Amino acid sequence: MKFSSTRSRDKEITFGKAIFQGLAPDGGLYHPTSIPDLKELFAGFSGSTSYNELTEKVTYELLKEELNKEAVKRIINSAYSFSPFLRRLDDNLLILELFHGSSYAFKDFGACFLAASMEEYLSLNTKRAVILVATSGDTGSAVAQAFYKKKNIDVVILYPSGRVSNLQEKQLTTLQENIIALEVKGSFDDCQKIVKQAFVDQDLINNINLTSANSINLGRLMPQAFYYIYAYAQIKNQLKDDLYFTVPSGNFGNLTAGIYAWQWGLPAKGFVAATNVNDVVPEYLNEGIYTPRASVATFSNAMDVGNPSNFERMQTIFNNSHDKMKSIIHGEVVTDNETLDTIKLVKEKHDIFIDPHTAVGILSAKKFLKETGNDKQIIILSTAHAAKFPETVEKATGMEMQLPEGLKKTLTLEKHSIPVENSLSDLKEYLLGNY
Ligand SMILES: *Cc1c(COP(=O)(O)O)cnc(C)c1O
């Protein structure tokens, strides 16, 4: 498989090149140039196929022009010591828990695959790379955990001093080894500005192999297709009705990855794009007009996105045809009050705590069933552990949540950060002095 920019098909590059570039030079996003038919491979998977076995086989099929079986095996084993878990809620609904990795959110699946792939490609040419990230909290911790102890890679994280939660700060600053946390005297926007300046600074470009790991990176997106296939393999024996997936969405990376899996042969009948009131995509699906706008704050804050970056990939997949996209993706919108009600209801009815993003997914699936009939199985992607959003969960249920053991332990560790001024010069001095 080769990849090209969503904005021009002229130049095809390998996966190994695309993951170090992040964004294409023309500002577009990397996207597969062909659609492999993997129906037979998928049909061979069953409920007893392990996540690592499945991801290894799919990755090899996709990347065999550039990676041999041993290299793929190394990547998968280095990336995944956790797997998704499929839980049935009722006759129609199942949730796919994607929060059993080290940062307790689905972004671990993409970040760990990217980190392991970069490690593999760097070992081929023994170059070192420095990953530079600005974080407002969550992305940084997923990236930090994913790259922890990876060979030939250093991670430098900039975070705004005093503006991330205590738990988030501990997640960023307690790993050490190849993970360096720079505590910036400024806001998240300042951190982002400094990182952007670093990527165009000639001294840095000439001396350091700087790269990014943000969510538009193909190396984070592609592996998110794998858990849709895994979920299908888990229930295919019980499947009498059509299968749908509901995806709580913000930047629409998760949903785009599901559509890739469908293009490669996953027997899904369709997808529900579930959003909070930041609903530019459901609005497009219903009305045919795409109107990006400023986001508004909600309880499901990882989905507070007013101009989703992956919409460009979705348009490319469906050839800019509204009708084609609408025939596969259905949009649903859930308000904050409905989110709270759903968290409460699911706790009462099924005795599990769900996070606000998963709640948006579950209610969207129910709305979809109500509108279109009950003759379906719907798998809802559960994107984060409820304990990551204790205020909202407690507000909804009136009950206090226990932190998982891993997070409790993180809170007891000692913080190690390097204070820096709010300017490129401190960062630059640090990078040139240390790498
Ligand atoms: C990032 C995130 C989302 C949104 O995923 P996209 O791929 O950006 O659509 C949903 N839920 C949680 C918990 C997230 O962290």
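Here the structure is shown first, and the text comes after it.
Described below are features of the structure shown in this document. (Residues numbered from 1 in each chain as written. Predicted model: local features only at pLDDT ≥ 70, side-chain atom pairs only at ≥ 80, totals over all residues. Heavy atoms only, no water.)

Re the packing of aromatic side chains
For the structure on display, the rule yields 22 aromatic pairs. Ring centres of Tyr51 and Tyr80 lie 5.5 Å apart, and the angle between their planes is 65 degrees; on these two criteria the pair is classed as edge-to-face. In this pair, Tyr51 is assigned in helix α3 (residues 51-63) and Tyr80 in the loop between α4 (69-79) and β4 (85-88), connecting sequence segments 29 residues apart. Considered together, Tyr51 and Tyr80 belong to a single accessibility category, that of buried residues. Each member of the aromatic cluster is reached from another via a ring pair, and the members are Tyr51, Tyr80, Phe82, Phe109, Tyr227, Tyr228, Tyr230, Phe245 and Phe271. (Phe/Tyr/Trp six-rings, centres within 6.5 Å; stacked < 30°, edge-to-face > 60°. Helix = DSSP H or I, 4+ residues; strand = E, 2+ residues; numbered from the N terminus. Buried < 20%, exposed > 50% of the residue type's maximum accessible area, 1.4 Å probe, protein only.)

Description of the site of the ligand
Around the ligand, 14 residues are found, and the nearest of them are Lys107, Gly250, Asn251, Phe252 and Thr383. One of the side-chain nitrogen or oxygen atoms of Lys107 is found 2.5 Å away from an oxygen atom of the ligand. For the ligand, a nitrogen atom lies 2.9 Å from a polar atom in the side chain of Thr383. When the ligand is considered free in solution it has 380 Å² of accessible area, and contact with the protein chains removes 93% of it. In terms of residue class, the shell around the ligand is made up of 6 nonpolar, 7 polar and 1 charged. (Near = heavy atom within 4 Å. Polar contact = N/O pair within 3.5 Å; in protein donor to acceptor, adjacent residues only side chain to side chain. Areas by Shrake-Rupley, 256 points an atom, 1.4 Å probe, with all protein chains shown as cover. Nonpolar A, V, L, I, M, F, W, Y, C, P; charged D, E, K, R; others polar.)

Remarks on unusual backbone geometry
Backbone geometry at Tyr104 places phi at a positive 65 degrees, although glycine is not the residue there. We classify Tyr104 as buried; its relative accessible area is 15%.

A look at the nonpolar core
Core analysis: the biggest nonpolar cluster contains 96 residues, and Phe147, Phe245 and Ile329 have the highest contact counts within it. Ranked by residue count, the leading element in this core is helix α5 (residues 107-125), at 10 residues. Excluding anything up to four places from it in sequence, Ile329 contacts Leu255, Ile259, Phe271, Ala273, Leu285, Met314 and Phe318. In terms of nonpolar packing, the next biggest core, distinct from the first, is built from 22 residues, Ile343, Ile352, Phe368 and Ala396 among them. (Core = buried A, V, L, I, M, F, W, Y, C linked by side-chain atoms within 4.5 Å. Contact = heavy atoms within 4.5 Å.)

Some points on the environment of Lys196
Take Lys196: it is sitting in helix α8 (residues 188-199). As for Lys196 and Val133, which are separated by 63 residues in sequence, their C-alpha atoms are 9.7 Å apart.

Some words on the environment of Val296
For Val296, the position within the fold is in the loop between α13 (280-287) and α14 (311-317). Look past the residues within four positions of Val296 in its chain and what remains in contact with it is Val277, Asn278 and Asp304.

A look at the pairing of strand β13 (residues 376-382)
Extensive coverage of β13 is indicated by the burial of 7 of its 7 residues. What you see with β13 is no split at all: Lys376, Ile378, Ile380 and Ser382 on one side and Gln377, Ile379 and Leu381 on the other are buried throughout. As paired strands, strand β5 (residues 93-97) and β13 are joined by 5 bridges and run parallel to one another. Looking at the pairing, Leu94 lines up with Ile379 of β13. (Pairing = 2+ DSSP bridges.)

Considering helix α11 (residues 226-235)
Counting buried positions along α11 gives 9 out of 10 residues, so the element sits mostly inside the fold. Within α11 the residues assigned to the buried category are Phe226, Tyr227, Tyr228, Ile229, Tyr230, Ala231, Tyr232, Ala233 and Ile235.

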